[in-house]
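# Structure assessment
Chain by chain, the residues:
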Amino acid sequence: MITIAAGGTGGHMFPAQALAEEMLRRGWRVKLSTDPRGARYTGGFPDAVDIEVVNASTFARGGIKAKLVTPFQILRGVWAAYKSMGRDRPMIVAGFGGYPAVPAMLAAGLRKIPRIIHEQNGVLGRVNGLFVKRVHAVACGTWPAELPDGVKAFHTGNPVRGAVLERAGAQYIPPGDWPMSLLVIGGSQGSSIVAQTAADAMAHLSEGMRDNLRVACQAREADGLDVAETFARTGVDAEIEPFFTDIPDRMSEAQLIISRSGASSVADISVIGRPSILIPYAAATADHQNANARGLAAADAAIVIQEAALTPEVLADCISKILTSDKGAVQMAHSALSEGKPEAAKELADLVEHTAQKG
């Protein structure tokens, strides 16, 4: 049995789900350890995965009172995970970052259970940074990754879910004078800046392009009405949702994707193979979203716009540049594919099994 410790956002949960799917295929029993916040992202996990919800907390949120309570919440979570591992001892624990992973990772250390971490981004997150020198193997999704001196890591790539693998290398229909699909996503939490700027950018496109565009735009519930009204004023057909459950389908149908450069989003875009405009989140820890975007940018598969430089005019210019060049868009799609690692889940599972066998 393997315990997978993850939570917080889809960026942690999606690769965790991919590993869970692969380990089940190999005949392993799989348990996911997360907290109530992470449990919101478990809908796509296979039914065979045992979901264990434990207490977790972070010092990064709340006021003084919340910070005083945090250590006790963490200890309760560690104690619950420790007892659980005593009743049903896993052969290995795999952590994917996010503070909901802390209780299981600490409990596994107390139980002397082999441990591995997977870092999705080009820079270690806070939680993985705590454990990077206290685990038996480190896997990286983005390469090169910034790691402490003396830490040896394996570049497995970022595992993508089965729904993404089913569309790996899907045929790309180049842009032209026909209906075109534009997908706008801001990570699993959505993005007010990305959604609203994309909507505002429509007014700066040619009328002919606006007539041909079909937009699916992720927007937070608080922003949805304003974003929808902005698209409507420009006459662009837009579907607005706080979260799309069928992102792989929409990516495979898109002529262009506008996205934050979260590790999972970049991995999905690469495996399916689509041109993209990436807008790194400016407040990301250690600027890791810029690190995530480097591969696609260097391969000329993506245009990167820094958040400080993001305006409707700049975004519209980039959209026009890609959607008015069918050959250029096709080349971007092919270049994105060259950066993909569809075998990432298998490589990570191999490392997990090897580490577990070594004990």
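The structure this text deals with has already been given above.
In this report, the structure presented in the accompanying data block is examined. (Residues numbered from 1 in each chain as written. Predicted model: local features only at pLDDT ≥ 70, side-chain atom pairs only at ≥ 80, totals over all residues. Heavy atoms only, no water.)

## So, the overall build of the protein
Let me state the cut-off plainly: Runs of H or I in DSSP of at least four residues are treated as helices and runs of E of at least two as strands, each being numbered from the N terminus. Burial classes: relative accessible area under 20% of the type maximum marks a residue as buried, over 50% as exposed, and values in between as partly exposed (1.4 Å probe, protein chains only). Pairs of residues are marked as contacts when any of their non-hydrogen atoms sit within 4.5 Å. Computed with the Shrake-Rupley method and a 1.4 Å probe, the accessible areas treat only the protein chains shown as cover for residues. Under the counting rule used here, the positive set is Lys and Arg, the negative set is Asp and Glu, and His together with the chain ends is not counted. We put the charge of a Lys on NZ, of an Arg on CZ, of an Asp on CG and of a Glu on CD.
When you go through the protein residue by residue, the secondary structure sums to 14 helices and 13 strands. The principal-axis extents of the C-alpha atoms in the protein amount to approximately 65 × 45 × 40 Å. The 359 residues of the protein split such that 57% are buried. Contacts in the protein between residues at least 24 apart in sequence constitute 65% of all its contacts with a sequence separation of at least 6. Summed over all atoms, the accessible surface of the protein reaches about 15,400 Å², with 52% contributed by carbon and sulfur. Seen as two clouds, the 35 positive and the 37 negative side-chain charges of the protein have centres 12 Å apart.

## Looking at the side chain of D268
With respect to the helices, strands and loops of the structure, D268 is situated in helix α10 (residues 263–272). Given a relative accessible area of 6%, D268 falls into the buried group. Each residue touching D268, except ones within four places of it in the same chain, is listed here: V160, R161, V164 and M251.

## Re the pairing of strand β9 (residues 213–218)
Basically, it comes down to this: Two strands pair if DSSP finds at least two bridges between them.
Counting buried residues in β9 gives 5 out of 6 residues, a clear majority hidden from the surface. Bridge count for strand β8 (residues 180–185) against β9 is 5 bridges, and the pairing is parallel. Each residue of the ladder has a partner; that of V184, found in β9, is C217. By the bridge criterion, 5 bridges tie β9 to strand β10 (residues 237–241) in an arrangement that is parallel. Counterpart to C217 in the pairing with β10 is I240.

## Some remarks on the pattern of salt bridges
This is how the line gets drawn: Any Lys or Arg side-chain nitrogen located within 4 Å of an Asp or Glu carboxyl oxygen qualifies as a salt bridge.
For the structure shown, the criterion picks out 16 salt bridges. Notably, a salt bridge pairs R26 with E22, separated by 2.8 Å at the nearest N-O pair. Taking relative accessible area as the criterion, R26 reaches 28% and is therefore assigned partly exposed. By relative accessible area, which is 6% here, E22 ends up buried. In this structure, R167 engages E166 in a salt bridge whose closest nitrogen and oxygen atoms are separated by 3.4 Å. A single network of salt bridges, built from pairs that share partners, joins E22, R25, R26, D350 and E353.

## Let's talk about the packing of helix α6 (residues 192–201) against helix α8 (residues 221–233)
Rules: Every axis corresponds to a line fitted to the C-alpha atoms, with the helix fit spanning only the stretch in contact, and the corresponding angles, defined between N-to-C directions, vary from 0 to 180 degrees. Orientation is classified from the angle alone, with under 35 degrees giving roughly parallel, over 145 giving roughly antiparallel, 65 to 115 giving roughly perpendicular, and any other angle giving oblique. Should the near helix be turned anticlockwise from the far one by less than a right angle, the crossing is termed left-handed; should it be turned clockwise, right-handed. Three residue categories are used. Nonpolar comprises Ala, Val, Leu, Ile, Met, Phe, Trp, Tyr, Cys and Pro, charged comprises Asp, Glu, Lys and Arg, and polar comprises the others, including Gly.
Contact geometry of α6 with α8 gives a least axis separation of 8 Å together with a crossing angle of 15 degrees. For the element pair α6 / α8, the angle class is roughly parallel. Where α6 crosses over α8, the two elements pack in a sense that is left-handed. Mapping the contact onto sequence places S192, A195, Q196, A198, A199 and D200 in α6 and D223, D226, V227, T230 and F231 in α8. When the residues that make up the contact of α6 with α8 are grouped by side-chain class, the tally is 5 nonpolar, 3 polar and 3 charged.

## Remarks on the sheet that holds strand β12 (residues 276–278)
Sheets are built from strands paired through backbone hydrogen bonds, the pairs being either parallel or antiparallel. Taken in spatial order, the 6 strands line up as β10-β9-β8-β11-β12-β13 in an open sheet, and their pairing is parallel. What marks the edges here is a single partner per strand, and that holds for β10 and β13 (302–304). With strand direction ignored, the average angle separating the axes of adjacent strands in the sheet is 15 degrees. In this fold α6 packs onto β8, β9 and β11 (256–259), with an angle of close to 150 degrees to the strand it touches most, β8.

## Some thoughts on unusual backbone geometry
Cis geometry marks the peptide bond from W143 to P144, where omega comes out at 0 degrees. Positive phi values are uncommon outside glycine, yet K112 reaches one of about 60 degrees. According to the relative accessible area criterion, K112 is exposed, its value standing at 67%. The phi dihedral of D300 falls on the positive side, at around 60 degrees, and the residue is not glycine. By secondary structure assignment, the location of D300 is in the loop between α11 (288–298) and β13.

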